Every structure is written in structure tokens, then in C-alpha cells.
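Here are the chains, one letter per residue:
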Amino acid sequence: MVSLYINNTKVEVPEGSTILNAAQKAGYNIPTLCHLESQIPKGACRVCMVEVEGAKSLVASCAAPVAEGMKVITNSKTVREARKFVVELLISEHCGDCKTCDRNNDCELQALAYSLGIKDTRFEGECLESIIDDSTPALVRDSGKCIKCRRCVTVCNEIQSVGSLFAQGRGFDSTIGPAFEQNLAEVPCVQCGQCAAVCPVGAITEKDHIASVWEALDDPDKFVVVQTAPAIRAALGECFGYEPGTLVTGKMVTALRILGFDRIFDTNFTADLTIMEEGTELLLRLKKALVNKEKVALPQFTSCSPGWIKYAEYFYPDYLDNISTCKSPQQMFGSVAKTYYAEKIGRKPEDIVVVSVMPCTAKKFEAQRPEMNDSGVQDVDYVLTTRELGRMIQQAGIDFRELPDDKMDSPLGMSSGAADIFANTGGVMEAAVRTVYEIVTGKELPLEKLHIVPIMGLEGVKKASLKITGTKPEWGFLEGVELKVGVAHGLGNAKKIIEAMRAGEEFHFIEVMTCPGGCIGGGGQPRFTTDEVRKKRIEAIYAEDEGKQLRKSHDNPEIKQIYEEFLGEPLSHLSHKLLHTHYVSRMN
Amino acid sequence: MGEKSAQQEKVCKCHDSISEEQYYEQLDDIIDQHIEKEGALIPILQSVQNLFGYLPEAALRKISRRLNKPYSEVAGVVGFYSYFSTIPKGENTIRVCLGTACYVRGGKDVLKALSDELKIGVGETTEDRKFSLEVGRCFGACGLAPVIMINDEVFQKVKPSRINEILSSYR
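Cut-offs and rules
Residues numbered from 1 in each chain as written. Chains lettered and ligands numbered in written order. Predicted model: local features only at pLDDT ≥ 70, side-chain atom pairs only at ≥ 80, totals over all residues. Heavy atoms only, no water. Helix = DSSP H or I, 4+ residues; strand = E, 2+ residues; numbered from the N terminus. Rg over C-alpha atoms; globule rule 2.2 N^0.38 Å. Buried < 20%, exposed > 50% of the residue type's maximum accessible area, 1.4 Å probe, protein only. Contact = heavy atoms within 4.5 Å. Areas by Shrake-Rupley, 256 points an atom, 1.4 Å probe, with all protein chains shown as cover. Lys, Arg positive; Asp, Glu negative; His and termini not counted. Charge placed at Lys NZ, Arg CZ, Asp CG, Glu CD. Pairing = 2+ DSSP bridges. Axes fitted to C-alpha atoms, helices over the stretch in contact; angles between N-to-C directions. Buried area = accessible area lost by both parts, 1.4 Å probe. Salt bridge = Lys/Arg side-chain N within 4 Å of Asp/Glu carboxyl O. Polar contact = N/O pair within 3.5 Å; in protein donor to acceptor, adjacent residues only side chain to side chain. Nonpolar A, V, L, I, M, F, W, Y, C, P; charged D, E, K, R; others polar.

Q: Please clarify how the overall build of chain A should be interpreted in this entry.
A: Assigned secondary structure in chain A consists of 18 helices and 18 strands. For a compact globule of 588 residues, the expected C-alpha radius of gyration is about 25 Å, and chain A comes in at 25 Å, within 12% of that figure. By the burial criterion, 59% of the 588 residues in chain A qualify as buried. When contacts within chain A are restricted to residue pairs at least 6 apart in sequence, long-range pairs at least 24 apart make up 75% of them. As displayed, chain A has an accessible area near 23,500 Å², and 50% of this comes from carbon and sulfur atoms. Looking at charge distribution, chain A has the averaged site of its 66 positive side-chain charges lying 4 Å from that of its 80 negative ones.

Written as C-alpha cells, this is what we have:
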């Protein structure tokens, strides 16, 4: 341990900590526009400067390691003036109008300028050129607003292992983006939106669907249904001042009803449906491999996360056969709403508008994939992020905190706890195992609270194995088999687990979620998502799961109903048509 | 657009288009020589630029793939160092010094005369790929200002009226 003084407060931190870490421990906030927790400091923005006794000049606290006996001042006249100067210089280049910016009131630069007391622009000079890249369905980039902090470069390269963004050029003319001024649509961008989640300003944002949704709601000829992803209920509250991890399911339903949606349904319902299909698919693959001795692609990968799908299409096309053919719950919902439900209410698919609320930007991309129209029209019409829904509720003048609770509508609104945990890393796997184990043995998964502890939590790559015993006669071939499962979240971790597999490690089933922490840490969630926030949202999701009477997808009566009335059985002909899909190699 | 494709056509017909294909065979050798070392990217880019005279897109994509580095990162390094160029260079590189001494003694006029004569701007290459025009910051020959260099040869006290005579031996 190293002890040092931050503003005369003695603090002890482990060797190798930075001054910024030490200050946080001592209870002092140092502003920074570029730093990301657990990542190698870049020292790009220079806002975090502090005075260190004996040092020749101010020191960037995010990058400077602590030393024994160091005396640090985080708030002196020199520090304040230097920080102000740096931010004034950033503002002088920044080409954007706060009033009309997507990040107005949610902008770190704006907030910092305010707290530093910057009241006029001292430096009038050349501004950055604003080049808008709206080439992709999910993300919009504006080079004029970029402050070159490189957070997006860090997440895109070091966390996601995608590498579509990097610093280009030099000096005033430098930009952050793909190679040689290509736009995002031309490069292997998976649309995960983690760049938009960490951007301190409005340089990368999601493509806004709010206006289109209002238009649909205002159209008397359209029947507008909404589905909300599992991760929304644990994060939407943050848009209205609630602590991270506050469950607002009931208020959310009320708000959606006030906004004018004709039916409030739940992506959780199709999460349960996914488990029925994907679990059965896994068992079929295992049977083909173990009984028929057929060559079959194992391990099976989950397919809920559209960023992961696109990542595999770019970087691991040789594993596309391993990915479950199940559509994601969002897309299953779209095709079921415009067929099964359309028939029930006597409407044509083209008169129904399906709006999704997702924690995700890649879902905007997924919704417009050309193959996602099995109902005859585009299955999911518009995708709002959690942030966009928060804004719509504000636009409508709804006092969210005062809303009473309401319940989802039937028959696409009921869900089990297994569906809730689709929101976080390890959840899809646990949900699948709860059902698969029971199908095979006829008994409930023999684990406390039905949780598979080794695959819970924020460890990047998690593994578990489960011995199957007491099988029913038709599943006898699985007697004594150790079911080996792997879980990765953050695409960099997906890469690690695939490399481990290539090196010979054996798995039967692997869950991949694109974003760190899973969907609760998605690119469309309220900012700013730290690990602490991820943990709180995950706790809330597990609480939602444990609080439900129904904990397993196959127990959901509305799921039983859709198979009885419409689909027949998992992997039926109709299921294949409406609930399954295929993937394409995008490797060039 | 029409103009551009005409230009490309001309480039394809030029003298070293065949040898460029042969260069690609050597590209793998260059990468093999460096690939195990840390920080291999910059030395590879240097050697590859020496080979081709510039950094063609296909070569950069290959470097990106073999080094397992994102193309955006390779492009970022190429764009950071002014030494690297993705534009084909002419047979002869003309560098006009615009250091302080050359500047005050008419270096800018010399540059303008060259630019007018060759019909290219700074950083560009003539359509016949004979000449590329660049600007330098002091060649350490201030007593001879204004100075230009063509390849490794230095020309001193250059006047705009002498440009044609100087260029003629390279044409």
C-alpha cells in the first residue's frame, strides 16, 4: 500500500493506483472527459490536472501513479484556472449548439463548463468541420462535436475487439473514425452503441425514432403495440432521477398507456418463447451428435444479441452454423404480433405497428435486416432506446414518479422470471438450463433459488458444468453427461471464449451478450453505466425474477397457449418460418 | 467522375503498373521479416512505402490482416506521420524548401512556378507519374537559398525562370 495526501486528507491505496483513484477514495471528485474505469489511461483531455508538491507542472491525475508521501492538491486557483482554460479551448473548437443537441442536459462537456463557471467564449477561432455520418441504421456521428477524448476508440478496440474506430490524422485536422474517412456502414461496425454510451458529448448518438413513433401513435388507422425488453425496467427510472437498479415495471406500463400505445406487451414473453425454441434446438443438436453420430455444429451459441450476431458474421463466419437459428426475442415478438396476434384481433399485419423499447442500438439495425419480415411486412417497425422512451415520456409531460402501477396486456405480456434474467450476463444460459434440465429429467433444476452461481456476476468469461442424472427414458442418452456451458459478455470476451474453444476447450452451449454486463449495460441505456451501476441493475433483475411465481419459461401459461393455438410445438414448421432465421458471412 | 476514371486509366497504363504486381509478392516477405517483433507496424509501413513508392490500399489491408490489427488503426498510423503517403508518387520527387531563408528569398515563387508548370499542387503527382511536388522545411543549405531538391540532387539559388531548364533533364 502507498499512503499519500489528497488535499491534506491521508489516504492509502494499492501500489500502481493513479492519483485519480486515490482522490476518489479520499472523497474528492476530479473531473475527466476521457477516462474510463478499468482501462489504461489515455490522458487525452487534460481536464483532470492536479497540483503535486515538487512537480514542475500540473499532472494529469488519471495517468499519474501515486508515490509514497505524495502531496496532491485537487482544487487550487492554479488547478481551477488550468481546467477552465482546457475546457475553454475544447469549447472553442466544438462545433455544436447545445440547445438543439441530442445530448442537451446529458452532456459531460456542458456540465463541466457550467461547474467551472465558464460564461463566455474567450477564444474565437476555427471550429471543427461537422461531417455527419448517418450511414447506419443505429448510429449517427458528428465530427464537429467530437472532442477527441478517445473513449469510443477504447471501447471499440479494447473492450469490444471490433476496431472500426481509431484516431485518424494529426493535430487540428485529426478525427476519430474508420479508416480513410469511410463511413460506419462500410466498415465492420456491429452497431452495439457502446461508443455512444461512453461519448461525453453529442458526437455519437443513436438514430432517433421518436418522431416516427409519434406519427404512428397519431395515425388513427394504425394499431400500435409496444414491447419492452427485460433490461428497460431496471434502468428507465434513471431518466427520472431514480437510483440505478430501481425497478419501475408498473410505472413504465402506465406511461406507455398514457403515451397512446394500443397494447402494452412484453419482450419477456418472447424471451420465454426463445427458451422453448432454443432449448429444444440444443437438445436436438445433442441428440444428433450423441445418438445419430451426425456431424453437427456444437457448441451452440445463443442468438439474442444482434451485435454479437453481426460480430460473428464479420469475424467468425466459420462459426455461423453454431449460432442458434432462433431469432432474438425482439424479432420473435414482431413476427408473432403481426401473425398470431393480428389474427386474434382481426387486423392485417400492415395495419399493425410494432414498436420496441430496447436497451440497445444494434436492435435498430436488427429490425431492418431484410430477412426480418416473416409476417409479410417488416416485423418490427421502430426501435426506441431506453433513453428515447425516457425522452418521449418527458415530451408528453408525464410526471413519471407519480404514476401508479399497471400490468402488461395479454396474450403477449405474461412472462416468467427466466425471461427477466435475459437482461444480464449469464441470464439466458440460466433460463435455458432451468427449462432444458426439466425437459430431460422431469425434475426442477436442483440449485438454490434456481441460480447457477458460477455464471452470475461481472467476470468477463464464466464457465459452469452440470451433471445430468435421472433422465427420462427418451433422454437416456444424456444420462451422466456433464453439460458444459460458457458465458461471455463484451465482444472482447466473446473472442476469448472462441479462441479457447479453438484451442480445444469443450463446451456444449455458450451465451454471448455484446455489451459488458449484458443488456442492462446496453448501448441504449441511460448514461453513465459504470460497473457499480451494472451491479445494481443486475440485482434488480434478479429480484424481479425471484419475486415471480413463475420462474421457468415452460411454465408460462401464455407460452403454452401460443403452442396450443398456433405454433404446435417447438421447432414446428410454423416455428421455423416465424421464429428462426439464418446468418450471412460479412467477411471481406 | 469521368475525369477521374480517365486519370486512373492513364495510371494503369503507366510504366510501373506491371512491376507493382510483382511488389505484392515481396510484401509478404517484408511482413515476415518484422511480424514477430513488437511495434512491427511502422517498420513494415516504411519498407512497404519504399517498395511501392507509396502505400496502396490493398497493401494496407494485407498488413492489417496479417498483423491482426484493425484497418482503422493502420490507417490512423499512416495518417499521423507525414512521411507516409497513400497517393502514388512520381518517378521524381521535387521538394521545395520553404524554410525561413528560402521563404524570404523567393521559395514561394519557385513553388508557384513549379506548380504552374507541372499543373499539380503540393502533395500531388503529375498524370504521367513523372513528378511529385512536396514542400520541405529547411534542407540546411540556407546560404544557397532558395533551394529545391529533385530526388537527392540539390539545386541552388533557383529562379522561377530556370524551372524549365532544371526539369528538362528529368523529362
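Q: Where do I start with the sheet that holds strand β3 (residues 49-52) of chain A in this structure?
A: Paired through their backbone hydrogen bonds, the strands of a sheet run either parallel or antiparallel. Residue and element names in this part refer to chain A. If you trace the five strands from one edge of the open sheet to the other, you get β2-β1-β5-β3-β4, paired in mixed fashion. With one partner strand each, in any of the chains shown, β2 (9-13) and β4 (59-60) form the two edges of the open sheet. As paired strands, strand β1 (residues 2-6) and strand β5 (residues 71-73) are joined by two bridges and run parallel to one another. The residue of β5 that forms the bridge with Y5 is K71. Contacting β1, β2, β3, β4 and β5, helix α1 (residues 19-26) crosses the sheet at an angle of about 120° to β2. Here helix α2 (residues 77-93) sits on the sheet in contact with β3 and β5, set at roughly 155° to β3.

Q: Is there a simple way to think about the interface of chain A and chain B in this case?
A: One frequent convention defines the size of an interface as the accessible area lost when the parts assemble. If you look at the interface, chain A gives 14 residues, while chain B gives 13 residues. Summing the contributions of chain A and of chain B, the shared interface buries around 1,000 Å²; its carbon and sulfur component is 57%. The interface formed by chain A and chain B includes zero salt bridges. For the pair chain A and chain B, the number of links is four residue pairs in polar contact (both at pLDDT 80 or more). In terms of residue count, the dominant contributor to the side of chain A that touches chain B is strand β8 (residues 166-168) of chain A (three residues). Here the residues of the side of chain A that touches chain B sort into six nonpolar, seven polar and one charged.

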